[in-house]
Amino acid sequence: MNITGFLSALLGRRDWVYLLSLLIPLVVYDLILKAFDIASLPGEHGPAQTFELMRSNVFFDLGYALLWIGLFSAARGRWALGWVVVFVFHVATMFVLLITTGVHQYFRQNGSTLDYGTIFGWIPKFKEIEPALIHDVSPLAWILLVSALFYAALGPWLMTRSVERWRRQRQRFPGRAIVEISLLSPLSLCFLSLGFVSLSLVTGTTAFAKAPLVNMIATGIEQTSVPDASDAGSTGEASPLDVESPVEHPPAHTTLAQTSQTNKRNVVLIHLESTRERSITPYNEDLKTTPFLDGLAKSSLLAERAYVVVPRSSKATVAVNCGIEPALYPGPEFGASGIPANCLPHLLKEQGYRTVFFTSVSSTMDSFGDVTKNLGYEEFYPSESMDTEGFQVTNSFGYEEDVMLRPSEGWLRAYGDKPFLAEYMTGTGHYGYECIPNRYGTKDFSEDDDQVNHYLNCLRYLDFFLKNLFDQYKKLGLYNNTIFILFGDHGEGFGEHGRFMHGDTIWEEGLRIPLIIHAPGWFEGGKRVEEASDEIDVVPTVLEMLGYEVKDGEYPGYSLLHPLPSNRILRFSCITNRKCLASIKGDEKYIYHYDNQPDEIFDLSKDPLEKQNLASEYSKGDLDKRREDLLAWRSRVNAEHGDILINGSQYSGE
């Protein structure tokens, strides 16, 4: 049997044109997007490594094409079945295009691979991510997606009509009358398709190296199946099923006791969204983005090496307010009773404080409406509750910070005569960086990177808000009796290590944050904390400054008013499950990337920008110890938050 005869027996010329006019562009589209993603990775990638990263896509594309050739062949001559197959073909291909384009766009913005868990987590919070879809995705990306979907819907029909007109007749391939094809041939193609898809599933050794839809399927199976706890490998890695019994967190029942040193000063937490320490003047005197904050820092306690545990807004808020390491998986701070410790709002409310939370962003941003309630704040004022007329949208979820000034002044005039805890959550630093132009003017901070220039102008705007807020407290006579804690919730990546924004940016640009404590009468000459510190250190520091003694439990952090332990180890986690963990002891930083890329070790004293990976200078045993320490920490922290976890995701058993 010749090949031409076999092909003509499988399908007629019209069917071949119809199929290939969609399958060929789909394959080319998929491979081009993957090639762009590979080209954006740091380092050089030769032909062999590039093929290794694309091999899963190639196998998937072959399997997908063979599947539809087999199905079209099986439905040939069956009118009703044929229309069903055609309809499903278009719907399935449009779905593949959506996944492929979404994964590519997500990687461009975050430097991370989009997986099942991320999409599944977005579904119930679509209203939260809708502004990001509108503001964050470029018009070119939308045009690309719409064009691809339009072609997937109508392209094959248009191409077939064009070819038919060109041919002016509907001929079959030669040899059709000679060759007969049984139903076994379409079935064989479908089985062969399954084989290629299976190869695609097992070929990629990392999430990035897998074809987009294949990775979705793999991570979906991983998160919805319950592996046996005894299946842990011999590599020393923890089992995917963390089945440690829930343990009571040490500060679960803490209370405060007054002492002879107790002084009920007001406490103000100022949450600096997406503000990395290297981009503001107190930490980088050559960059004049925040002159007001720089002046304030000169008479404040400034932590020179402050870190966030998980680079996510809600996680940082838990760490600062509750003095504990947050859960290393999505939630549980969004749910009732999801925080296993008594937090500052609860503790100070018992001491007669009022508590309030203001934010210039929507309550849906990282579910802060739920988070603030679970932290114990009595009152919550998001942007939806404020008069936003005349105020500029500066980020994906909200408005410029000055929108908070009027409701803040109203609340302070009503309740500022008694001690209070207030938090102000900003949003201007968040991705979108829509701060050019703004009411305070702009500066050219970067000629080479327009996005960095927008970001730095957002931080410059933030500095004006801070001055306005401090002026408000001075005008109302509250300044001298208030402790101000200014903290970043995470840093921001701009491709320094191939990742953007913050979620999985485990390097210093993503983890290092500003942490400044300003209290009139304290630190007048300025105080600097040189050792590595953590956001969980805020609660012990504030309570000591207020003169309270902690009873019925203890917080794991340290007061920044005293020297920190020299042997302290800080540990960190990415947002994406099983993506990356890191630890710092002294100046040595270790990063574990699971199977995504090789381990990294940096000497931060000599290499603060993390350019030279020293992992090759360490033995396998040394690297194993560091990895095992991080995995044990991950299990402990998650167990303290009271959930049975599968690969870091909540498992209800349902």
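Residues numbered from 1 in each chain as written. Predicted model: local features only at pLDDT ≥ 70, side-chain atom pairs only at ≥ 80, totals over all residues. Heavy atoms only, no water.

Locating F602 in the fold gives a position in strand β18 (residues 600–603). On the basis of relative accessibility, which here comes to 2%, the residue F602 falls in the buried class. In this structure the C-alpha to C-alpha distance between F602 and Y590, which are 12 residues apart in sequence, comes to 6.7 Å. What F602 contacts, discounting residues up to four positions off in sequence, is W507, D587, E588, K589, I591, D607, E610, K611, Q612 and N613. (Helix = DSSP H or I, 4+ residues; strand = E, 2+ residues; numbered from the N terminus. Buried < 20%, exposed > 50% of the residue type's maximum accessible area, 1.4 Å probe, protein only. Contact = heavy atoms within 4.5 Å.)

This paragraph deals with the packing of helix α11 (residues 313–322) against helix α13 (residues 368–375). Where α11 contacts α13, the two axes come as close as 11 Å, and the packing angle between them is 15°. On the basis of their axis angle, the class for α11 and α13 is roughly parallel. In this structure, the crossing between α11 and α13 has a hand that is right-handed. Along its contact with α11, which presents S313, S314, T317, V318, N321 and C322, the element α13 presents F368, V371 and L375. Its residues assigned to classes, the contact of α11 with α13 comprises five nonpolar, four polar and no charged. (Axes fitted to C-alpha atoms, helices over the stretch in contact; angles between N-to-C directions. Parallel < 35°, antiparallel > 145°, perpendicular 65-115°, else oblique. Left-handed = near helix turned anticlockwise from the far one by under 90°. Nonpolar A, V, L, I, M, F, W, Y, C, P; charged D, E, K, R; others polar.)

Here helix α2 (residues 13–39) spans 38 Å end to end across 27 residues, near enough to the 39 Å set by a 1.5 Å rise per residue. Where α2 bends most, the angle comes to about 25°, and this point is L20. (Expected span 1.5 Å × (residues − 1). Bend = angle between axes of the 7 residues up to and from the residue.)

Its place among the elements puts E277 in the loop between β3 (266–272) and α10 (291–297). With a relative accessible area of 8%, E277 lands in the buried category. Setting aside chain neighbours within four positions, we find E277 in contact with Y283, R512, I513 and P514.

Let us now look at empty space enclosed by the protein. In total, this model carries five cavities of 30 Å³ or more according to the counting rule given. By volume, the largest cavity amounts to about 140 Å³. Surrounding the largest cavity, 17 residues form its lining, K34, D37, V103, F208 and P212 being those nearest its centre. Those elements that place two or more of their residues in the lining of the largest cavity are α2, α4 (79–110) and α9 (212–224). Here the residues of the lining of the largest cavity sort into seven nonpolar, six polar and four charged. Taken together, L328, S573, C574, I575, T576, N577, R578, K579, C580, L581, Y594 and R634 make up the full set of residues lining the second largest cavity. Along the lines of polarity and charge, the residues of the lining of the second largest cavity split into six nonpolar, three polar and three charged. (1 Å grid on protein atoms, 1.4 Å probe; cavity = no way out; pocket = protein on both sides within 12 Å on 5 of 7 lines; lining within 4 Å. Points joined across faces, edges and corners; volume = space filled by probe spheres on them.)

Okay, the pairing of strand β15 (residues 569–573) next. With four of five residues buried, β15 is to be regarded as a mostly interior element. Across five bridges, β15 lies against strand β16 (residues 581–585) in antiparallel orientation. Bridge pairing in β16 links F572 to A582. (Pairing = 2+ DSSP bridges.)

Glancing now at the packing of helix α14 (residues 405–415) against helix α15 (residues 450–475). The geometry of α14 relative to α15 is characterised by a closest axis approach of 11 Å and an angle of 20° between their N-to-C directions. Here α14 lies roughly parallel to α15, going by the angle between them. The handedness of the crossing between α14 and α15 is right-handed. Across the interface between the two elements, L405, S408, E409, L412 and R413 from α14 touch F465, N468, L469, Q472, Y473 and K475 from α15. Considered class by class, the residues forming the contact of α14 with α15 number five nonpolar, three polar and three charged.

Under the counting rule described, the total for this entry stands at 25 salt bridges. Note that K349 and E378 form a salt bridge whose closest N and O atoms lie 4.0 Å from each other. With K349 in helix α12 (residues 344–349) and E378 in the loop between α13 and β6 (379–381), the pair connects residues that are 29 residues apart, well separated along the chain. The exposure class of K349 is partly exposed, given its relative accessible area of 44%. Linking R512 and E508 is a salt bridge whose minimum nitrogen-to-oxygen distance equals 3.1 Å. Judged by its relative accessible area of 15%, R512 falls in the buried class. One connected set of salt bridges, linked through shared partners, spans E277, E508, R512, K589 and E610. (Salt bridge = Lys/Arg side-chain N within 4 Å of Asp/Glu carboxyl O.)

Our next topic: the packing of aromatic side chains. Following the criterion strictly, the structure yields 29 aromatic pairs and no others. Taking the centre distance of 5.8 Å and the plane angle of 45° together, the rings of Y433 and F494 count as tilted. With a gap of 61 residues between them, Y433 in the loop between β7 (420–425) and α15 and F494 in strand β9 (residues 493–494) connect regions that are remote in the sequence. Taking 5.7 Å as the distance between ring centres and 50° as the angle between the ring planes, the aromatic pair formed by W522 and F523 counts as tilted. Residue classification places W522 among the partly exposed positions, given a relative accessible area of 28%. Pairwise contacts between aromatic rings join F292, F358, Y381, W411, Y415, F420, Y424, F470, Y473, Y479 and F484 into one cluster. Between the NZ or CZ atom of K315 and the centre of the ring of Y329, over which it lies, the distance is 5.9 Å. (Phe/Tyr/Trp six-rings, centres within 6.5 Å; stacked < 30°, edge-to-face > 60°. Lys NZ or Arg CZ within 6 Å of the ring centre and 35° of its normal.)

A separate point is unusual backbone geometry. Residues I436 and P437 are joined by a peptide bond in cis, for which omega reads 0°. Not every positive phi belongs to a glycine, and S274 is a case in point at roughly 55°. Structurally, the position occupied by S274 is in the loop between β3 and α10. Not every positive phi belongs to a glycine, and E610 is a case in point at roughly 55°. Looking at where E610 falls in the secondary structure, it is placed in the loop between β18 and α18 (620–640).

Inspection of the secondary structure assignment puts H90 in helix α4. Residue H90 is classed as buried on the basis of its relative accessible area of 10%. Ignoring any residue separated from it by four or fewer positions in sequence, one finds H90 in contact with Y18, L22, A152, A153 and P156.

Below, the discussion takes up the confidence of the model for the chain. Across the chain, pLDDT averages 83, with 84% of residues at or above 70. The low-confidence segment residues 169–180, where pLDDT is below 50, has 21 contacts with residues more than four positions distant or belonging to other chains. (pLDDT = per-residue confidence, 0-100.)

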